[in-house]
Amino acid sequence: MSADAFSSHQNQPTTVDYTGKVPVEHLDYDYIEKCKDVKYLEKILRALRYNDVVSGEEGIYPHLIQFCETHLEKLDPRSRALRKENPVATAASLSHEEWSQIVDELNTWQEETKKNEASLRHQLTFDDLVNENIPPVRRSNSFVPLSQNSITKDRKNPTKRALPRDYREWDKFNVENECELIDGNTANNDPPASLNTGPPQIKTNVDASSWSQPEKLLLANREKDKGNEAFRANEYEEAVAYYSRSLSIAPSVAAYNNRAQAEIKLKQWDKAMEDCQKVLELEPRNMKALLRRATVYKHMGNFQMAAEDLRMVLMEEPQNTAATQLLCQIESKNKECQREGKKIIIQEVEEEDDSMNEEEQTACPVQPSQPVGGEESSATPDERGDMGNAQKKPHGRGDGGPHSESNNSHHGHWRSKGSSDKYKVSQEKVANGSNKRGSTASVPGDQSGSSKPAGGNTGETVNLDAPCGALPPPLSRLKNEGNLLFKNGQFADALGKYSEAIQGYTESGIDSPDDLCVLYSNRAACYLKDGNSQECIQDCTRALELQPFSLKPLLRRAMAYESLERYRKAYVDYKTVLQIDMSVQAAHDSVNRITRMLIEQDGPDWREQLPEIPLVPLSAQQHRREELPSAEVLQARAEKAARDAERRAEVRFTTLKQEGNEFVKKGQHQDAVGKYTECLKLKPDECAIYTNRALCYLKLERFTEAKQDCDAALKLEPTNKKAFYRRAMANKGLKDYVACSSDLQEVLQQDPNVQEAEKELEEVTVLLRQSLADSSPAKPRKTVPITEVEGDEDMTPAPNSESSCRGDNSTINLQPTNAYEFGQSLSAARFSRNTAACAELLASTPPETLPEFLSTHLDGHTVSFIMQALDSHLLEKDPNLVYQHLNHLHTTHRFSVVLMLLEKDERRHMTQLFEHLSAVESTEFSKNDVQNLANKYI
Amino acid sequence: MSAPLSKPQIIAHIQKSLNYTVFDCKWIPSSAKFVCLGNFPRGTGVIQIYEVQHGDAQLIREVEKPKPIKCGTFGATSLQQRHIATGDFDGNLNIWNLEMPDIPVYNVKAHKEIVNSIDGVGGLGIGDGAPEIVTGSRDGTVKVWDPRQKDSPVANMEPMEGETKRDCWTVAFGHAFNDQDRCVCAGYDNGDIKLFDLRNMSLRWETNIKNGVCCVEFDRKDINMNKLVATSLEGKFHVFDMRTQHPTKGFASVSEKAHKSTVWQVRHLPQNRDIFMTAGGAGNLHLWKYEYPAQRNKKDVDGVDVGVAGSVSLLQNVTLSTQPIASLDWSPDKQGLCVCSGFDQSVRVLITTKLNVL
């Protein structure tokens, strides 16, 4: 067969005879390969198979059959000729893991359904067939003919009624109604051409009241499935209807989320927004909802909010391509908007935008095609430096130059050319330099840098068990896992690994500060990525204690300081970095930026306010090749033992601090004070603890102690705004208005934007004047009669007292002057379950006014809440006041009714209170009095 | 057939040989149990309940009934009661409480001859409106029953006097998306498919697919009717797009030749209406997916809407036995779990994997 013959076959595919037998020449590799006619190929295949199975007259060619099949599959993967009969799969045809997973799922399902079934059966015993909301039985025995032509003549009208037979029935005959019915019928007789395309009349809410919980879940889920199916078929209105049904049976995050998506498709932005909000209320970190809300924001033109949501998403899932794409779109749109409407847009907005972009950059290191320019690029390269950390190390010995360069250019292509080039050079040097230093630092640890496989090799071959310096295999594994996780953007997980490694290190007692330094430095990078700048700084500091003047911890610490807006410290660190290595472009840029900030903040003599920039010894500078003085190493090791102990204390310290913070959140300030005090025993020089404890003291109205704590804090950190502000509040409580105003002025000088401080200052100035006027002019700051001042306080407008107690009860007015204000405060306290605030409120309310204040909104819960407040907070301090309150409370209007409606629990609270009260010895009331009072309540 | 592991796999999990001919098997909703209905060799009927436990199906209960039982449904019962409605060889419709299956909670002599097919709606939370059961019989009638009404059907679809009576092989409910709308589709031995509108009590549409209609099913009963699959005697099945009805052309459809022999049954996946399994006369099962066209309707030359059918693609096919697979039922609760019975006197529990990723 010649080539011409093939081509002739190809050129005339129509002449191929589909019906006849396939000529034997066509059963040929070449012919099959060149044949493009699917139908004919199928025929050939059939012929081949027929040969194979039955006739065998042309011979059996298994390989040719296979060849034909693959060729056919290429042309038409869905060809029917390719379908083969498969035997049913069995457990053995799956991998063991897959099968055991399936079996596990099946078993859990069986158990669950058993439980469900039991509960259903249980349900059954309760309600036997109470189903009122089932529609009535259809009109009895309608006859429907089977053939179409008979419909018109024989169709029975289901709504047809017999004519009234009685005269009385004629009276009830409503002509209009009947006419309407007839009209309706005629309309029904001519159905439109397409009967089923209009929007379906689906009820969007389902009466689920008669169903039990498992039933509801099941049905809600089914309605959701229906919604999903409609969504997949691009019938979004129907999908929304079914999601709504699902939600009306049992609300679920998924249904809200899906409805939002369907509404987005229908461009019902407001509704979609509502649904997204609902999801986020239920589950604040729902990525899908955030993404969808961002889409909605984008379409509503609110690019700021959209970008913010996307940033959140990218923080959690840096690999999320949908989010990055959307962000790009938004960014470009935003820029357009800014370009077009430059006159309208306020400067501030732009700034905000910039900072946001920067954050996005840090949050998402793998963002593709992100246009970066100007200031942002200066911030990002050093980020990349951190990421590159792991990647470059393996090539540190010099032979890895080309590879790391390609790595760099790979990352670099998406940022602005200039900076990426510069950066490339600098990064190279950083990597080399740090390795060299590593190799010179200690004898066993010199491999720490270069032998680190670090999972960074673009993920091709990751040897998690590769040795790391002097670390024992389990620790080096942890470290490598951490590196890998970090590389993949799972910073929180990486953090855990590093922490484990560090702990394991301290426990194992190995002597290799370099490795520990690297671990701390890596963990710091994780913290930085997670935005936990404080911890990052701590880890960097530890790393630097182990390895003074090592580049990466310094750089990271600088960045953390910068993000905390502690520009002076950041400046110092960046400067140190530059001393070590002049070529770190990121540091240059940051220094420039911070210089500008500092000039703005501190004026022309900003340099004088800087802490001292440490002089980097020549040995540590990267361009020199001398070894580190071994004395330094020895010193570092000597310090290590001390630091180990310190570290353990550290752990305890942080837990105590967190517990303290928790208590503050719950409003248990007394307990919080205890925790903070313990903290300070461990670390007497922690500024934040002092300020926190000061806050607690303020809440407890122990102003003197609060002031002392603020003083201590200010000694440690002379510019701490919080400390100043809290001291101001303490001073205000102590009626030392002069000191108060000076503190507030200090706050405002540091940061003119603190509005609370401004407000306070205004108030305090008023108070100051009044107190000066009230008291004798000779002694302006002494013994102001308390009653008078209280009068003053009462006269001050409500916002004063509001802002005077910040934090939890910042919105609770503790000095109400009328029933309305009292009611507001009480309900605010009740909703936040803040009994302390309620107690304060009651303490400041004269008992005799209580009935009047309470009159309008006395109910069981309020009474119980007041009881709890009195019991838990006020009884200790002032039992007399409690007695007075109780004495007046029962005179409130409607009190007896409320009392009757109290629940068991609430009664218990009341009994407890009276038990406690009767245990208190007092001059103002006797046990008998309490007993009498109790009788009125219980 | 590239990447075979990414496709759904149909795995034979449990196989149980029975000592009777099994006609129908059904999962009991909200449980890991299924019911088998059949015919003892001595000519009596049987109901068996099995529970799936630790990789085995254990017989929990067996009841013998005077007449062979052809078909059953849970479609018209509440989730709490879960009574099964069955049709037998004698034309009786019975509803059984499976806890106490000795006497039926409802019974009626529904047809003169064998009840070939039964379906229910309005129960289990599927379908708004009253709970109703439809039966189709060899006597040519299709009757709709309400379990609350004794003795007489609420609707009766039968041939006019003088018309030839065709054997009705299959019935199915659909379109029950609100209290009023409801449709019954019936398939006959001559290839007729009739769609009855129970709201207007009229024949809404009919067609003929040239071969006996073995099984019809809507993709979902409780939505505005969307798709209908009808399987036929000679191995083809037809998927009708039920959204757009053209005054003369009716519904658009796509047909596929799936099996070399009769397609006995079609069942849609309860969790995804676009996936369905057909059971064939040669003991094989085919898993299909319907793909919608870009536009589901278009205007014809007269400007009237006409539907556009999509396409079906084969996801997986397996051969279970040499005998026909006569009934198949997906578990309503566990996605991918199904039970099927064949004329080889055995019942099998199958697991289909990767349905959630389709």
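Residues numbered from 1 in each chain as written. Chains lettered and ligands numbered in written order. Predicted model: local features only at pLDDT ≥ 70, side-chain atom pairs only at ≥ 80, totals over all residues. Heavy atoms only, no water.

Labelled according to an unreviewed UniProt entry, chain B appears under the name Dynein axonemal assembly factor 10, originating from Parambassis ranga. As stated in UniProt under Function (unreviewed entry), the record for chain B gives "Key assembly factor specifically required for the stability of axonemal dynein heavy chains in cytoplasm." Quoted verbatim from the Subcellular location (unreviewed entry) field of UniProt, the annotation for chain B is "Dynein axonemal particle". (UniProt positions renumbered as here; feature names shortened; annotations may be inferred.)

The name an unreviewed UniProt entry assigns to chain A is Sperm-associated antigen 1 isoform X1, from the organism Parambassis ranga. Of chain A, the UniProt comment under Subcellular location (unreviewed entry) reads exactly: "Cytoplasm".

Draft legend 1. Broad picture of the overall build of chain A. Looking only at helices and strands, chain A features 43 helices and one strand. For chain A, with 938 residues in total, the buried portion stands at 47%. Sequence separation of at least 24 residues holds for 60% of the intrachain contacts in chain A that already meet a minimum separation of 6. Summed over all atoms, the accessible surface of chain A reaches about 48700 Å², with 52% contributed by carbon and sulfur. (Helix = DSSP H or I, 4+ residues; strand = E, 2+ residues; numbered from the N terminus. Buried < 20%, exposed > 50% of the residue type's maximum accessible area, 1.4 Å probe, protein only. Contact = heavy atoms within 4.5 Å. Areas by Shrake-Rupley, 256 points an atom, 1.4 Å probe, with all protein chains shown as cover.)

Draft legend 2. Molecular detail of the overall build of chain B. Looking only at helices and strands, chain B has zero helices and 30 strands in total. Per-residue burial for chain B yields a buried fraction of 68% across its 358 residues. For chain B, long-range pairs separated by at least 24 residues make up 49% of all intrachain contacts whose partners lie at least 6 apart in sequence. Entry remark: accessible area of chain B is about 11400 Å², with carbon and sulfur atoms responsible for 48%.

Draft legend 3. Broad picture of the pattern of salt bridges. Inspection of the entire model under this criterion finds 42 salt bridges over all chains. R273(B) is paired through a salt bridge with D219(B); the nearest N and O atoms lie 3.9 Å apart. Within this pair, whereas R273(B) is found in strand β23 (residues 272-280), its partner D219(B) is found in the loop between β18 (213-218) and β19 (227-232), the two being separated by 54 residues in sequence. Assigned by exposure class, R273(B) and D219(B) land together as buried. It is possible to trace a salt-bridge network through shared partners that takes in E229(A), E235(A), E238(A), D219(B), R220(B), K227(B), D241(B), R243(B), R273(B), D274(B) and R296(B). (Salt bridge = Lys/Arg side-chain N within 4 Å of Asp/Glu carboxyl O.)

Draft legend 4. Just the UniProt feature "repeat: TPR" (unreviewed entry) in chain A, in detail. Residues and elements named next belong to chain A. In the UniProt entry, the feature "repeat: TPR" (unreviewed entry) is given for residues 253-286, 287-320, 653-686 and 687-720. Helix makes up 79% of residues 253-286 and strand 0%, with an end-to-end C-alpha separation of 9 Å. End-to-end, the C-alpha atoms of residues 687-720 are 8 Å apart, and along that stretch the chain is 79% helix and 0% strand.

Draft legend 5. Spotlight on the pairing of strand β12 (residues 142-145) of chain B. Residues and elements named next belong to chain B. Residues V142 and V144 of β12 are buried on one face, and the alternating residues K143 and W145, pointing to the opposite face, are buried as well. Alignment of strand β11 (residues 132-137) against β12, held across four bridges, turns out to be antiparallel. In the strand pairing of β12, T135 is matched with K143. Hairpin connection of β11 to β12: four residues between the antiparallel strands, including G140 at a positive phi of 90°. In this sheet, strand β13 (residues 155-158) lies alongside β12 in antiparallel orientation, the contact comprising three bridges. Note that in β13 the partner of V142 across the bridge is M157. (Pairing = 2+ DSSP bridges.)

Draft legend 6. Inspection of the UniProt feature "repeat: WD" (unreviewed entry) in chain B at higher detail. Those residues carrying the UniProt feature "repeat: WD" (unreviewed entry) are residues 133-146 of chain B in this numbering. The distance separating the terminal C-alpha atoms of residues 133-146 of chain B is 6 Å; by composition the span is 0% helix and 64% strand.

Draft legend 7. Structural detail: a nonpolar patch on the surface. A cluster of nonpolar side chains, contributed by V897(A), M900(A) and L901(A), occupies part of the molecular surface with about 330 Å² of accessible area. Take L901(A): its relative accessible area is 65%, and that puts it in the exposed class. (Patch = residues over 30% accessible without salt bridge, like charges linked within 9 Å, V, L, I, M, F, W, Y side chains within 5 Å.)

Draft legend 8. View of the sheet that holds strand β6 (residues 69-73) of chain B. All names here are of chain B. In space, the four strands of this open sheet follow the order β6-β7-β8-β9, with antiparallel pairing throughout. In this open sheet, the two edge strands, each paired with only one partner strand, are β6 and β9 (106-109). Here the strands of the sheet are splayed against their neighbours by 20° on average, with no regard to which way each runs. Pairing geometry for strand β8 (residues 92-96) and β9, over four bridges, is antiparallel. If you follow N92 over to β9, its bridge partner there is K109. (Axes fitted to C-alpha atoms, helices over the stretch in contact; angles between N-to-C directions.)

Draft legend 9. The sheet that holds β19(B), seen in detail. Residue and element names in this part refer to chain B. One open sheet accounts for four strands, arranged β18-β19-β20-β21; its pairing is antiparallel. Sheet topology places β18 and β21 (250-257) at the edges, where each strand pairs with a single neighbour. Going across the sheet, the axis of each strand differs from the next one's by a mean of 20°, ignoring polarity. For strand β20 (residues 236-246) and β21, the ladder comprises seven bridges, and the chain directions are antiparallel. Paired with K236 across the two strands is K257, which belongs to β21.

Draft legend 10. Representation of the side chain of R273(B) in the model. Of the residues examined, R273(B) reaches a relative accessible area of 1% and is grouped as buried. A distance of 3.3 Å separates polar atoms of two side chains, one belonging to R273(B) and the other to Y292(B). (Polar contact = N/O pair within 3.5 Å; in protein donor to acceptor, adjacent residues only side chain to side chain.)

Draft legend 11. Fine view of the interface of chain B and chain A. Each partner contributes to the interface: chain B provides 103 residues, whereas chain A provides 77 residues. Together, the buried faces of chain B and chain A total about 7700 Å²; carbon and sulfur atoms form 50% of this surface. Interface area lost by chain B to chain A is led by Q80(B), M201(B) and K334(B), which between them contribute 9%. Between the two partners, chain B and chain A, sit nine salt bridges. Between K334(B) and E105(A) there is a salt bridge whose closest N-O contact spans 3.4 Å. At the surface where chain B touches chain A, the tally comes to 10 residue pairs in polar contact (both at pLDDT 80 or more). The dominant element in the side of chain B that touches chain A, judged by the number of residues it contributes, is strand β27 (residues 311-319) of chain B, at eight residues. (Buried area = accessible area lost by both parts, 1.4 Å probe.)

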